[in-house]
Amino acid sequence: MDSSVAPVTIDNAHRQNPTKLSSQKKPSKGGWKAAFFVISVEMAERFAFYGLAGNLITYLTNNLGEPVVTAAKNVNTWVGVSAIFPLLGAFIADSYLGRFKTILASSVIYFLGMVLLSLSVSVIPMHSRKAVFFTALYVLAIGEGGHKPCVQTFAADQFDENNPEEKAAKSSFFNWWYLGIVTGASVAIVVVIYLQDNVSWAAGFGVLSGSLAVALAVFLIGIRKYRKQRPTGSPFTSVAQVFVAAAKKWRVSETHGGRGICYEDDRRGGSHVKGQTMGRDWVRTKQFRFLDKAMIIDDKDTLSKTRDPWRLCSLNQVEEVKLVLRLIPIWLGCLMFSAVITQLHTFFTKQGSTMLRSIGPNFQVPPAALQILVGLTILIAVPIYDRVFVPIARKITGHPSGITMLQRIGTGLFISILNMVVAGLVETARVNTATKHGLMDAPKAVVPMSVWWLLPQYVLTGLGDVFTIVGLQELFYDQMPEEMRSIGAAAYISVVGVGSFINTAIISVVQVISSRHGNEWLGDNLNRAKLNYFYWVLAGLSAFNLCAYIWISRRFVYKKVENNDERVGEGKESGMGGYLDVKV
């Protein structure tokens, strides 16, 4: 009986004893040397993105004259589209171009979009400026679509999971990867936003264009050091085959108890390229058992000379589809977290613009520059988490990572609730101060309250990212089939995009309901608005979301792998109260 789809080239020596082979010959490609080139490229891209996103609401309100709510919605929409496009970019990378070519093409598009943006705020006539500006924004979103899902995955691919040393290095990779991109974002917030507010928008965007040109050059310098995986064809075809085959056999008796035969002839976890992760054999799981019908050999399959992949699928193929399905509820459970953190680029900045921002007699802190506090928090928290918290937690829990990926994500969700409660309390204090000094009807007046009152909500935003965002990165890389890891990266990124759209929807609903009662909560005059009520609504929705997430995560089952006739559990956890099940 034929195996499915295209033939796969396997390095036999590496399959027989990958550990021994790794120790005998040091690979000439990949590893940290290659990963550093990719990390530096991502740092430059984050520098450009946050140099734009961090102060975008200021340009829309002050230069293009948009109302605060309209500007906030436009920022959320652009961030959302930028985070949704990676799903398309990941599909193209995994199916056709490969990650390297996709990164290269998207970097060029991103650079051209930033050049157009720079022109739109300088040489483009005023009557056409707004149209060209928004066109440039969405050209950048297209570039993000190819860049975001591939860069992190491509960097992680530089570590061979069959090499014990490189596998150990990869366990810390995601923490230090995130540390690198936060560094790029933080520098942008300090340097670029200062240029935008104190020199010119053209100068600020020009610096961003230059950084992207340098990033593209750096990426090409490391071209001979990269390990590259070929595209394996559309992974969605394999997923569709499982559902179609299971539907065709819905009347066939499920044979999990031992009655009947299951097709296991092509036990492989994906194509293997020398120096990359070897194909894996998945252990059969009990979740989504309706899909198991797709691998049952019935009378028609027995009589067929060749295997019809739309009627009979392998155990590996079925289990890979289950891996994807298990991640969907986790994805849904993190959307409110993203809806909360979008306040960073919108209402947090507008709050800061109304408060005392003086440092010394002649310097005013740009309100958007307060976002540096998030970056600084992450820069401090990630090393502490990796070098202090993980070893201590490991001794207590016995888990290699200290706490599980789902526990890490859940901790960040709780922090986001606390963040909105604190933000609401600070906003209440700000409005009370404005009332005390008779500034309720003076929206452009400076409220005599230090901007550093906002420090706790920025710090909590950074701590939430350290737990939830890094946890999502690791979960969606680790738990996706190897052939779909770009799509996994895009899926975690899309959490931010969909969360931005949810935030826009919440704003619209709040505006409609509050206007019916005579006072819009989110008007242009923040002193008369009820921004604190809006924050508390987000806190309540986030609390409800956390309860749902805990329920979902307790039923999550981590992937399990079979190698060389021995079963090795990648981890079976009951989410928030999980345990690691390893059998060697």
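Residues numbered from 1 in each chain as written. Predicted model: local features only at pLDDT ≥ 70, side-chain atom pairs only at ≥ 80, totals over all residues. Heavy atoms only, no water.

A few words now on the overall build of the protein. Counting secondary structure elements, the protein contains 19 helices and 7 strands. For the protein, with 584 residues in total, the buried portion stands at 57%. Sequence-distant contacts, at least 24 apart, represent 80% of the contacts inside the protein between residues at least 6 apart. A total accessible area of about 24,500 Å² is found for the protein, and carbon and sulfur atoms account for 63% of it. (Helix = DSSP H or I, 4+ residues; strand = E, 2+ residues; numbered from the N terminus. Buried < 20%, exposed > 50% of the residue type's maximum accessible area, 1.4 Å probe, protein only. Contact = heavy atoms within 4.5 Å. Areas by Shrake-Rupley, 256 points an atom, 1.4 Å probe, with all protein chains shown as cover.)

Counting residues in each nonpolar core, the largest one holds 152 residues, and the members touching the most others are Leu52, Trp78, Leu117, Phe133, Phe347, Leu475 and Phe534. Apart from residues no more than four positions distant in its own chain, Trp78 is found in contact with Phe49, Leu52, Ala53, Leu56, Leu137, Tyr138 and Ala141. (Core = buried A, V, L, I, M, F, W, Y, C linked by side-chain atoms within 4.5 Å.)

Attention now moves to the pattern of salt bridges. Summed over all chains, the structure comprises 14 salt bridges. Between Arg46 and Glu42 there is a salt bridge, with its nearest N and O atoms 3.8 Å apart. Here Glu42 and Arg46 lie together in helix α3 (residues 31-53), a separation of 4 residues that amounts to about one turn. Since its relative accessible area comes to 6%, Arg46 is described here as buried. (Salt bridge = Lys/Arg side-chain N within 4 Å of Asp/Glu carboxyl O.)

So, on to the side chain of Thr504. Along the chain, Thr504 falls in helix α18 (residues 485-516). Residue classification places Thr504 among the buried positions, given a relative accessible area of 14%. Sequence-distant contacts of Thr504, that is, excluding residues within four places in its chain, are made with Lys73 and Asn76.

For helix α6 (residues 99-120), which comprises 22 residues, the first-to-last C-alpha distance of 31 Å matches the rise-based estimate of 32 Å (1.5 Å per residue) to within 8%. Residues Arg99, Phe100, Thr102, Ile103, Ser106, Ser107, Tyr110, Gly113, Met114, Leu117, Ser118 and Ser120 constitute the buried set of α6. Within α6, the buried residues cover an arc of 150 degrees as seen down the axis, which keeps them to one side. Turned more than 90 degrees off the buried face of α6, the exposed positions are Lys101 and Leu112. Elements that come into contact with the buried residues of α6 comprise α3, α5 (68-97), α7 (126-156), α9 (201-221) and α18. (Expected span 1.5 Å × (residues − 1). Arc of directions from axis to C-beta.)

What follows deals with the packing of aromatic side chains. Summed over the entire model, instances satisfying the criterion amount to 23 aromatic pairs. Ring geometry for Phe91 versus Tyr96: centroids 5.9 Å apart, planes at 80 degrees, classification edge-to-face. Taken together, the ring pairs connect Tyr59, Phe133, Phe134, Trp201 and Phe205 into an aromatic cluster. Looking at Arg46, its charged tip hangs above the ring of Phe49, at a distance of 4.5 Å from the centre. (Phe/Tyr/Trp six-rings, centres within 6.5 Å; stacked < 30°, edge-to-face > 60°. Lys NZ or Arg CZ within 6 Å of the ring centre and 35° of its normal.)

It is worth spelling out the environment of Leu119 at this point. Inspection of the secondary structure assignment puts Leu119 in helix α6. Judged by relative accessible area, which is 37%, Leu119 ranks as partly exposed. On a C-alpha basis, the gap between Leu119 and Phe133 in space is 8.6 Å, while along the polypeptide they are 14 residues apart.

On to a positive patch on the surface. Residues Lys29, Lys101, Arg224 and Lys228 make up a contiguous surface patch of positive charge. Position of Arg224 relative to the elements: it lies in the loop between α9 and α10 (235-248). By relative accessible area, which is 73% here, Arg224 ends up exposed. (Patch = residues over 30% accessible without salt bridge, like charges linked within 9 Å, V, L, I, M, F, W, Y side chains within 5 Å. Lys, Arg positive; Asp, Glu negative; His and termini not counted. Charge placed at Lys NZ, Arg CZ, Asp CG, Glu CD.)

What follows covers the packing of helix α12 (residues 315-333) against helix α19 (residues 531-553). At a closest axis distance of 9 Å, the pairing of α12 and α19 adopts a crossing angle of 165 degrees. In terms of their interaxial angle, α12 and α19 are classed as roughly antiparallel. Crossing angle aside, the handedness with which α12 passes α19 is left-handed. In contact with Pro329, Ile330, Leu332 and Gly333 of α12, α19 contributes Asn545, Tyr549, Ile552 and Ser553. Its residues assigned to classes, the contact of α12 with α19 comprises 5 nonpolar, 3 polar and no charged. (Axes fitted to C-alpha atoms, helices over the stretch in contact; angles between N-to-C directions. Parallel < 35°, antiparallel > 145°, perpendicular 65-115°, else oblique. Left-handed = near helix turned anticlockwise from the far one by under 90°. Nonpolar A, V, L, I, M, F, W, Y, C, P; charged D, E, K, R; others polar.)

Looking now at the side chain of Thr58. Within the element layout of this structure, Thr58 appears in helix α4 (residues 56-63). When residues no more than four places from it in sequence are discounted, the contact partners of Thr58 are Asn63, Trp201 and Thr349.

With that out of the way, let us pick up the pairing of strand β5 (residues 447-450). Side chains Val447 and Met449 of β5 all project onto a buried face; the interleaved residues Pro448 and Ser450 project onto a face where none is buried. Here 2 bridges tie strand β2 (residues 355-356) to β5, and the two strands are oriented parallel to one another. Bridge pairing in β5 links Met355 to Val447. (Pairing = 2+ DSSP bridges.)

As a further point, take unusual backbone geometry. Here the phi dihedral of Phe288 falls at roughly 50 degrees; this positive angle occurs in a residue that is not glycine. Secondary-structure assignment places Phe288 in the loop between β1 (281-282) and α11 (299-303). Taking relative accessible area as the criterion, Phe288 reaches 29% and is therefore assigned partly exposed.

Attention shifts here to the confidence of the model for the protein. For the protein, mean pLDDT is 81; residues scoring 70 or higher make up 85% of the total. Contacts of residues 1-25 to residues separated by more than four positions or lying in other chains number 41 contacts, the stretch itself having pLDDT below 50. In the model, residues 564-584 has pLDDT below 50 throughout and makes 58 contacts with residues more than four positions away in sequence or in other chains. (pLDDT = per-residue confidence, 0-100.)

This paragraph deals with the packing of α4 against α5. Two elements in contact, α4 and α5, have axes whose closest approach is 9 Å; the angle formed by their N-to-C orientations is 140 degrees. The angle between α4 and α5 places the two elements in the oblique class. For the element pair α4 and α5, the recorded crossing hand is right-handed. Note on element contacts: α5 touches α4 through Val68, Ala71, Ala72, Asn74, Val75 and Trp78, opposite Leu56, Ile57, Leu60 and Thr61. Here the residues of the contact of α4 with α5 are counted per class, giving 8 nonpolar, 2 polar and no charged.

With that settled, consider the environment of Lys322. Residue position: Lys322 is located in helix α12. Lys322 sits in the buried class, given a relative accessible area of 0%. Lys322 sits 158 residues away from Met480 along the chain, and the two C-alpha atoms are 9.7 Å apart. Apart from the residues within four sequence positions on either side, Lys322 is in contact with Thr285, Gln287, Phe288, Leu291 and Asp292.

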